[in-house]
Amino acid sequence: MKFRPLHDRLLVRRIEAEEKTAGGVIIPDTAKEKPQEGEILAVGSGVRAENGELVPLEVKVGDRILFGKWSGTEIRLEGEDLLIMKESDVLGILDAENAVRKAA
């Protein structure tokens with residue numbers, strides 16, 4: 001994909017939620033909510049501080065993130081529905097490796 005977001009913006013692909021509940025009930029498409037989890041596909045160069053220095057983003061390509069329900073702008077690139085959002089719209093980074101280590 002040949003797209004690079006500007007400044008502190010991110011290109012995100014939504015990660016679809018499970019189609020079944022923990023109890024095994026299948027959720028129909030009409031009852032599903034938009035996923036609030038995504039994978040970062042591209043990041044901008046960062047934002048300029050007041051002194052003119054470029055401050056890099058904390059997120060990177062490949063990170064799995066959580067974001068607000070109404071965050072970002074939906075776009076369609078190369079036939080795929082994606083989101084463009086600012087880094088400030090990201091609620092947190094999901095770190096599966098550390099979560100597994102802490103649970104063990």
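Below, the structure is looked at part by part. All residue numbers refer to position in the chain's written sequence, counted from 1. For a predicted model such as this one, the threshold for reporting local features is a pLDDT of at least 70, and the threshold for listing and counting side-chain atom pairs is 80 or more; totals across whole chains, interfaces and linings nevertheless cover every residue. Water and hydrogen atoms play no part in the side-chain values, which are based on all heavy atoms of the structure.

## Comments concerning the nonpolar core
Ranked by size, the top nonpolar core spans 10 residues in total: Leu10, Val12, Ile40, Leu57, Val59, Ile65, Phe67, Leu83, Met85 and Val90. Elements supplying a minimum of two residues to this core: β1 (9-14), β5 (64-67) and β7 (80-86). Working definition of a nonpolar core: buried Ala, Val, Leu, Ile, Met, Phe, Trp, Tyr and Cys residues. They are joined through side-chain atoms within 4.5 Å. Only protein chains enter the accessibility calculation, which uses a 1.4 Å probe. A residue is then buried if its area is under 20% of the maximum for its type, exposed if over 50%, and partly exposed in between. Runs of H or I in DSSP of at least four residues are treated as helices and runs of E of at least two as strands, each being numbered from the N terminus.

## Description of the environment of leucine 77
As for its position among the elements, leucine 77 is in strand β6 (residues 73-77). The class for leucine 77 is partly exposed, based on a relative accessible area of 22%.

## Overview of a nonpolar patch on the surface
Patch membership requires over 30% relative accessible area and the absence of a salt bridge. Like charges are linked within 9 Å, and nonpolar side chains (Val, Leu, Ile, Met, Phe, Trp, Tyr) within 5 Å. Computed by Shrake-Rupley with a 1.4 Å probe, the accessible areas treat only the displayed protein chains as cover when residues are assessed. The working definition used for a salt bridge is a side-chain nitrogen of Lys or Arg within 4 Å of a carboxyl oxygen of Asp or Glu. A cluster of nonpolar residues, Leu66, Leu91 and Leu94, forms a patch on the protein surface that exposes about 270 Å² of accessible area. Along the polypeptide, leucine 94 turns up in strand β8 (residues 90-94).

## Focus on the side chain of serine 71
Considering the arrangement of structural elements, one finds serine 71 in the loop between β5 and β6. Under the relative-accessibility criterion, serine 71 is labelled buried at 12%. Whenever two N or O atoms come within 3.5 Å, that pair is a polar contact, provided that in protein one can donate a hydrogen and the other can accept it, and provided that, for residues adjacent in sequence, both atoms are side-chain atoms. Reaching out from serine 71, the side chain makes a polar contact with the backbone nitrogen of glycine 68 at a distance of 3.2 Å. With residues near it in sequence (within four places) discarded, serine 71 still touches Leu83, Met85 and Asp89. Should any heavy atoms of two residues lie within 4.5 Å, those residues are considered in contact.

## Topic: the pattern of salt bridges
One pass over the structure, following the stated rule, counts seven salt bridges. Between aspartate 63 and lysine 60 there is a salt bridge, with its nearest N and O atoms 3.1 Å apart. Using a relative accessible area of 9% as the deciding quantity, one classes aspartate 63 as buried. A salt bridge links aspartate 81 to arginine 76, with the nearest nitrogen and oxygen atoms 2.5 Å apart.

## Some words on the sheet that holds β7
The rule for pairing is simple: two strands pair if DSSP sees at least two bridges between them. Across the sheet, six strands lie side by side as β6-β7-β1-β2-β5-β8; this open sheet has antiparallel pairing. Each edge of the open sheet carries a strand with a single partner, namely β6 and β8. Each strand of the sheet is rotated relative to its neighbour by a mean of 45 degrees, with strand direction disregarded. Where β6 and β7 come together, five bridges link them in antiparallel fashion. Within β7, the position partnered with threonine 73 by the bridge is isoleucine 84. Where helices are involved, their axes are fitted lines through C-alpha atoms of the stretch in contact, as for all axes, and angles between N-to-C directions lie from 0 to 180°.

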